[in-house]
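Close look at the chain arrangement
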Amino acid sequence: MADAADLRGTTSARARRWLRRTAALLAAAPMLAGLTQIPAAPAAHAESKATGSRSVDVSITSLTPTAPKKSDTLTVSGTVTNDTKGTVLGARVGLRVGPTMSGRSAIDTTAHRTGYTEGLDGTEIDGKYAKKIGKLAAGTSRDFSLSIPVDQLHLGENGVYQLGVSLTGSTSHQPWPQVLGIERTFLPWQSSPSQKKSQLTYLWPLISATHVTARTDNDEDRTPIFRDDRLVKELAPGGRLQQMVALGKNLPITWVIDPDLLATVDAMTKKYEVQNPSGNGTRAGRGQTVAKQWLDALQKAVEGKQVVALPFADPDLASLAHRGKNVTGALSHLQGSTELASTTVETILGVRPRTDFAWPVEGAVDSSIVDVATSAGAHNVIARSDSLRETGGLSYTPTAARQIGGGNTAVVADARLSTAFTGDMSKAENSTLAIQRFLAQSQMINLQAPDRQRSIVVAPQRTPTTSQAQAMAAAMEGLSGQWTQPLSLGQAAKAKPDPSATQRVPSTRSYPRSLRARELPTEGFDRIQKTQKTLDNFEPILTAKYRVVTPFGNAIRREMSTSWRSEAQNATGFRHDVQTYLSGLTKKVRLVPKSNMTLSGRSATVPVTIQNNLVQSVELRLVLRSQQGNRLAVSDPQLVNVEGGHSQSVKFGTTANANGPVWVSARLYTPDGQPYGDEMQFEVNVTEITSTVILVIAGGVLLLVLAGVRIYVQRKRAAARSGEDGGDGEDAEEAHGQDDEDDSEAPETDRCDPAHALVPEQPSDPAPDTGSQSAGPSGSGEKVDH
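Residues numbered from 1 in each chain as written. Predicted model: local features only at pLDDT ≥ 70, side-chain atom pairs only at ≥ 80, totals over all residues. Heavy atoms only, no water.

**Let's talk about the pattern of salt bridges**
- A complete count under the given rule lists 20 salt bridges for this structure.
- Note that Arg104 and Asp414 form a salt bridge whose closest N and O atoms lie 2.8 Å from each other. Of this pair, Arg104 sits in helix H3 (residues 104-112) while Asp414 is found in the loop between strand E19 (409-413) and helix H11 (415-418), placing the two residues 310 residues apart along the sequence.
- One salt-bridge network, in which partners are shared between bridges, spans Asp316, Arg323, Glu519 and Arg565. (Salt bridge = Lys/Arg side-chain N within 4 Å of Asp/Glu carboxyl O. Helix = DSSP H or I, 4+ residues; strand = E, 2+ residues; numbered from the N terminus.)

**Re the packing of H3 against helix H12 (residues 428-448)**
- Here H3 crosses H12 at 155 degrees, and the two axes come no closer than 9 Å. Taken as axis vectors, H3 and H12 run roughly antiparallel relative to one another. At the point where H3 passes H12, the crossing takes the right-handed sense. Contact residues: Arg104, Ile107, Asp108, Ala111 and His112 in H3; Arg437, Ala440, Gln441, Met444, Ile445 and Gln448 in H12.
- Grouping the amino acids of the contact of H3 with H12 by side-chain chemistry returns 5 nonpolar, 3 polar and 3 charged. (Axes fitted to C-alpha atoms, helices over the stretch in contact; angles between N-to-C directions. Parallel < 35°, antiparallel > 145°, perpendicular 65-115°, else oblique. Left-handed = near helix turned anticlockwise from the far one by under 90°. Contact = heavy atoms within 4.5 Å. Nonpolar A, V, L, I, M, F, W, Y, C, P; charged D, E, K, R; others polar.)

**Details of the sheet that holds strand E28 (residues 646-656)**
- Pairing is antiparallel across the open sheet formed by 4 strands, whose spatial order is E22-E24-E28-E26. Two strands close off the open sheet at either side, each with one partner strand: strand E22 (589-591) and strand E26 (632-634). Averaged over all adjacent pairs, the angle separating strand axes in this sheet is 30 degrees, with direction ignored.
- With 3 bridges joining them, E22 and strand E24 (residues 603-612) adopt antiparallel strand pairing. Looking at the pairing, Arg590 lines up with Gln611 of E24. (Pairing = 2+ DSSP bridges.)

**Some points on the side chain of Thr502**
- By secondary structure assignment, the location of Thr502 is in the loop between helix H14 (489-494) and helix H15 (513-516).
- The exposure class of Thr502 is buried, given its relative accessible area of 9%.
- Separated by 3.4 Å, the side chain of Thr502 and the backbone nitrogen of Arg504 make a polar contact.
- Beyond its immediate chain neighbours, meaning those up to four positions away, Thr502 contacts Leu388, Arg389, Glu390, Thr391 and Arg402. (Buried < 20%, exposed > 50% of the residue type's maximum accessible area, 1.4 Å probe, protein only. Polar contact = N/O pair within 3.5 Å; in protein donor to acceptor, adjacent residues only side chain to side chain.)

**Let's talk about empty space enclosed by the protein**
- Scanning the entire structure with this criterion turns up 6 cavities of 30 Å³ or more.
- Roughly 70 Å³ of internal volume is contained in the largest cavity.
- Taken together, Ala309, Leu310, Pro311, Leu317, Leu334, Thr338, Thr355, Phe357, Ala358, Ala373, Ala376 and Ala378 make up the lining of the largest cavity.
- Every element with two or more residues in the lining of the largest cavity is listed here: helix H9 (332-349) and strand E16 (357-358).
- Taken together, the residues of the lining of the largest cavity sort by class into 10 nonpolar, 2 polar and no charged. (1 Å grid on protein atoms, 1.4 Å probe; cavity = no way out; pocket = protein on both sides within 12 Å on 5 of 7 lines; lining within 4 Å. Points joined across faces, edges and corners; volume = space filled by probe spheres on them.)

**Comments concerning a nonpolar patch on the surface**
- Nonpolar side chains collect at one region of the surface, where Val705, Val709, Tyr712 and Val713 lie side by side and expose about 360 Å² of accessible area between them.
- Looking at the element boundaries, Val705 is found in helix H19 (residues 691-724).
- Here Val705 falls in the partly exposed class, since its relative accessible area comes to 47%. (Patch = residues over 30% accessible without salt bridge, like charges linked within 9 Å, V, L, I, M, F, W, Y side chains within 5 Å. Areas by Shrake-Rupley, 256 points an atom, 1.4 Å probe, with all protein chains shown as cover.)

**Observations regarding unusual backbone geometry**
- Note that the residue after Thr64, namely Pro65, is joined by a cis bond; omega there is -10 degrees.
- In this structure, Pro65 sits in the loop between strand E1 (56-64) and strand E2 (73-82).
- Here Ala313, not a glycine, exhibits a phi torsion of approximately 75 degrees, which is positive.
- Position of Ala313 among the secondary structure elements: in the loop between strand E15 (307-309) and helix H8 (317-322).
- Phi is positive for Asp314, close to 50 degrees, though the residue is something other than glycine.
- Structurally, Asp314 is set in the loop between E15 and H8.
- The buried category is assigned to Asp314, whose relative accessible area is 4%.

**Side note on the side chain of Gln199**
- In this fold, Gln199 is placed in strand E9 (residues 198-206).
- For Gln199, a relative accessible area of 19% corresponds to the buried category.
- Setting aside anything within four residues of it in sequence, one finds Gln199 in contact with Gln453, Arg454, Ser455, Ile456, Gln485 and Leu487.

Spelled out as structure tokens, the structure:
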């Protein structure tokens, strides 16, 4: 006994010494690696993962058919890669059928499990269906393809089966057959018809980023100017939007369309311009052909299917609810966007869309979002099950429709199905696994309560990539109506709600922080409302309102688009450009600056010039005000129409009551009485007629009267003398001569203008602008100095 204890003690001591030496060597390894400049750490990390059943990476890149029938042959293809530093010997790839999944959570757990677990991953199917690889050198990859009749899988009742692809082989360190790598997926199996098929609604979104600016050319066609021409690539064959239409054409889906995308593509079918990257100048757009082709294809694709139109430009409902409501007037844009949506879709596609659905970002809702969404007539809100969580402990997935009060319905999309195709689906492995998982989850919903038919809604990401769209379409095709049947969104909203499903809308505090961080800021809504106010003040003076109101109204709606969530900096720039451009247009209608002027006489006219550099006529009210009305009174305001590209001078009558300078202000107003532009001020110097001048004029008039009386008296006397002398001719001639002599002494004032003779020139009235002044008031056309 003592010997045994001593042996155990000696062995234990040796073990401890060995552990200490090993620890010291491991601790020194990084230092040695640093000294020798060998990247040892990454290699050690890779070695730690590439061990045991994780030594070989197995990827499944293809599985057909995705939901096989008993008479089918299952084909699984993929690649195996040796991640170790040693050679794998006697490698072979085989299929393993595992147990059926017990529920939706079990599918999630299995999908995330790594490594091989005996008992959970089943046994390998008959070796004759395996693929022999032989030697697999370190770091090398080999493709494989396995085919096996479905009846050889020995599947049982309906259910979701775990399907594994494993690589078995040996290594020099472990020279016996073992599983060195495995990849799992799911095989939906429907051997007998479902009692009641699930009703499946799949939303197919056609949404894009904002591409059109508020600017247009000055031509009659109002040629639009685009921010960029990136939409051409999306519409071209193989592009994202082209694939969405081509794939969706033959699928049982509900189209969900942003009308702004239709309006943008429709504009591209005609002449359009694109801003240069430098921001200076434009170039001709090149998307006319692909735009026409895409619209033609879409018109055919939507025939006979339900179309849901989002409000124009897909406004960010959550941002409006959380930040826009604090800005007066911001929520008013939603109603106009909804009305424009219906008109746009019907005009371009020729179908009448549903506009009573609201779709917040990622289906995340709270009480404030529901209030905003339903304020513009959308009584159906598309939510998601991870937002409207179940609280009743249901053992099955309930029907999508929920009554949430106020006559409103929440259409709750299934979160697992809706997020199945996020991520990089361009890799065949990712898309294959996503398709099989989607099919497995959809079948499991049906298996949860096979005697209870439910309506299930799938609301995928707003802007799927090309590869994501292709994976979505493949999954829809894989359903083949085995356990589902299609249902439109409108019908899903009318489905009888499950009485046990939650109807409680989360509070505002429950909104995800990650989504809230990407909302449009309050400052953005302030800028939007500033632009709207500028437009409201500009519109009344325009005679061709559509040339300005339409492009700027749409630009304001685009400023609230959900697409800006991933482009915060570009969103700020877009809002700034819209406001700057609109302000520049308003300044093209202005009062021409006026210098100080001199007003001679009691009454005169004051001219004020309006300049219009727009291409259309404008109508304004011009008001002239005297700061001292008791000294200088001006005439009433005047309504003025100024043609595009012209200036017009407007004359105001004035009446002076006293001498001296008077400040006068001129300001434009809209026809409805709102101030327009800045007030202009100038000084008027009144030089009224003096009392001395009046006395001189009165004296001159008196002299004229006296001279006339004297002439009249002299002639009467001469006539009397002629009568007394008997009319002798000589005397008559003498008398006549006397009269002539008297006449020659009289002043010649009757041969000239008395006023001109007696009233001197006023030195303040230059000859070119003012004529001679009279004692009476000036005429309305009198000119003044300015």
